[in-house]
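# Results of the structural survey
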Amino acid sequence: NMRRGPSAMAKESFELLETNQTASTLSSDSFTPFDCKALSMAEMTEFPGSSQSETGSVANSLARVGLDYDLDEHFETELVKTETETSMESRPALARLLPLVTMLMLSIFLCYADRIIMPSCIKAISQEFNFSKSDQGFILGLFYGGYIWTQVIGGYVSDTTRLGGKGVLFLGVFFWSACMVFTSFLSYLGILGFIFCRIALGIGEGVSFPALNSIVAQHIPAKYSCTVVSIVIASSYMGGGFAAFVTPPMVQTLGWRSPFYVFGSIGLIWSFAWLFLDLERLSWTCRPKIHESYQTINRVQLPAKTPSTPSLKDSSDTQHLMNIRNTIWFAGKLLLNKNVFAIVAAQYCHGWTQFGFVTWMPVYFSDVCGVHAAALGYYTTPPWLLQALSIVLFGYLADQLVSANALRPITVRKLFQSLSMFMGAACQLGLVVLSQLELNLPTYALLLVSAMSIFNTASAGGVTVYQFDIAPKFPAIVYAIGNTFGTAAGLFSVSLTGLILNLSLIHISEPTR
């Protein structure tokens, strides 16, 4: 490779990304990933048929985003451990990661708790404001209408700017917590106030998981990533379960506005505490920082301004247009990649069931199963708590299978994702069977909903962590793309369910209590 020179090497790397080679042409013994990062920009000379400035910008994008493997062929070969990955795995032990993991858990705990409060309060709110089922579905669904817009933006800013995942997560938690507090004030505007607050809550929460992925990629050793992500996501289910349990009693005794005040205030306190955590040293500090402090060379640069011809140096407009073109080129490479497309498809199908059913679960137990509002938490909480336990189990099991080389990584991802989707769908169809047999007892429904929730978390070994495998240098962007489509599914699912319930000819009578 050194005899051929850097220009030939760079050209080969570019061609590798442009062509979809078949898996049979590569073997684990012959395939060696091209390390773009080993080349400096001075060594990136122009490709035939393109100007030096264009080549430099594209090559810089390739060098900085960490495309050490061809995404289309990454899992058709054995994973090759580099010295960088080995040294990364020898970094902080789990004990040193405790402050960071704890704060991430608290943030995601609040993320899910805050989004569950509205579904738990929607019946009391509807009684006060006389909202129909269609209105309820519209209000609940518009959370995802805001959530969808900040997924990719949050991932891009987390992976490409000095603000990093820390700053993005701070801004997100602070914003959505403030929206929680203001929900009760804007409720006096009627349905418009609820719509505005619900969309704003989604906008704030939309950046949370992309920022989480960026932080994990930068600060968590690769061998712990699946386990840590599972633990942090488990806290989301704990948050949802906790909110589902405490909200109904709070509504009964203090009114529906009280949960919004309490949980919003806790989020604001977390936001200011987060500023005092130094992510680089994994310790608390007396000097608060909103951004991350590690070298920007570790961030994704898309694209970076490089020395070019005098005409381009003197023309900021031309340089700006080139940067836009290369950014679009990079986005196109991601969207057209078959692995990213697999993430998009899986996230969409998973989001349709997960977001749709979770949002309407309190109404389901109340209207269909006849559970009294005071006892609602006893039926909506267990599925959340079981998910918190099972997701850690599935994540740990997936890590062990990959680390022990018992199965190929791609096989583990497909196995766990298939288990999640097929078994989850079977349990949900079981609820339809119960309804047809007129066995709408809360106990039967709880068993099926709990089983469905457990199997849904098997995705912790599948699509939830797949971005770390195919794009270790920019997982937040890839995750955000997939989760954007999953959020769109949630928006359609929740809103469509409310519309169907409102227009349905089947009248669900209010049960006698």
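What you see is a predicted model, and the numbers here were worked out from it, not measured in a lab.

## Focus: the environment of Phe 276
By the element assignment, Phe 276 lies in the loop between helix H11 (258–274) and strand E1 (277–278). Once the C-alpha coordinates of Phe 276 and Cys 286 are considered, the two residues, 10 residues apart in sequence, prove to be 6.3 Å apart. If sequence neighbours within four positions are ignored, Phe 276 has contacts with Ser 283, Trp 284, Thr 285, Cys 286 and Pro 288.

## Remarks on empty space enclosed by the protein
One water molecule sets the probe size; rolling that probe over the atoms shows where empty space is left. Scanning the model with the defined rule gives 7 cavities of 30 Å³ or more in all. For the largest cavity, the calculated volume is near 250 Å³. For the largest cavity, the lining is made up of 19 residues, of which Tyr 112, Tyr 237, Gln 347, His 350 and Tyr 479 are closest to its centre. Within the residue set of the lining of the largest cavity, elements represented by two or more residues are helix H4 (98–129), helix H10 (225–254), helix H14 (338–368) and helix H19 (475–503). By residue number, the principal contributor to the lining of the largest cavity is H14, which donates 5 residues. Residue classes in the lining of the largest cavity are distributed as 9 nonpolar, 9 polar and 1 charged. Its boundaries defined by the atoms lining it, the second largest cavity holds a volume of some 80 Å³. Surrounding the second largest cavity, Tyr 112, Arg 115, Ile 116, Pro 119, Phe 143, Tyr 144, Arg 198, Gln 354, Phe 355, Val 358, Thr 359 and Trp 384 form its lining. A class-by-class count of the residues in the lining of the second largest cavity yields 8 nonpolar, 2 polar and 2 charged.

## Some details on the side chain of Asp 159
Relative to the elements of secondary structure, Asp 159 occurs in helix H6 (residues 151–160). In this structure Asp 159 comes out as buried when scored by relative accessible area, which is 3%. Of note is the side chain of Asp 159, whose polar atom sits 3.1 Å from the side chain of Ser 214.

Criteria and cut-off values
- Residues numbered from 1 in each chain as written.
- Predicted model: local features only at pLDDT ≥ 70, side-chain atom pairs only at ≥ 80, totals over all residues.
- Heavy atoms only, no water.
- Helix = DSSP H or I, 4+ residues; strand = E, 2+ residues; numbered from the N terminus.
- Contact = heavy atoms within 4.5 Å.
- 1 Å grid on protein atoms, 1.4 Å probe; cavity = no way out; pocket = protein on both sides within 12 Å on 5 of 7 lines; lining within 4 Å.
- Points joined across faces, edges and corners; volume = space filled by probe spheres on them.
- Nonpolar A, V, L, I, M, F, W, Y, C, P; charged D, E, K, R; others polar.
- Buried < 20%, exposed > 50% of the residue type's maximum accessible area, 1.4 Å probe, protein only.
- Polar contact = N/O pair within 3.5 Å; in protein donor to acceptor, adjacent residues only side chain to side chain.

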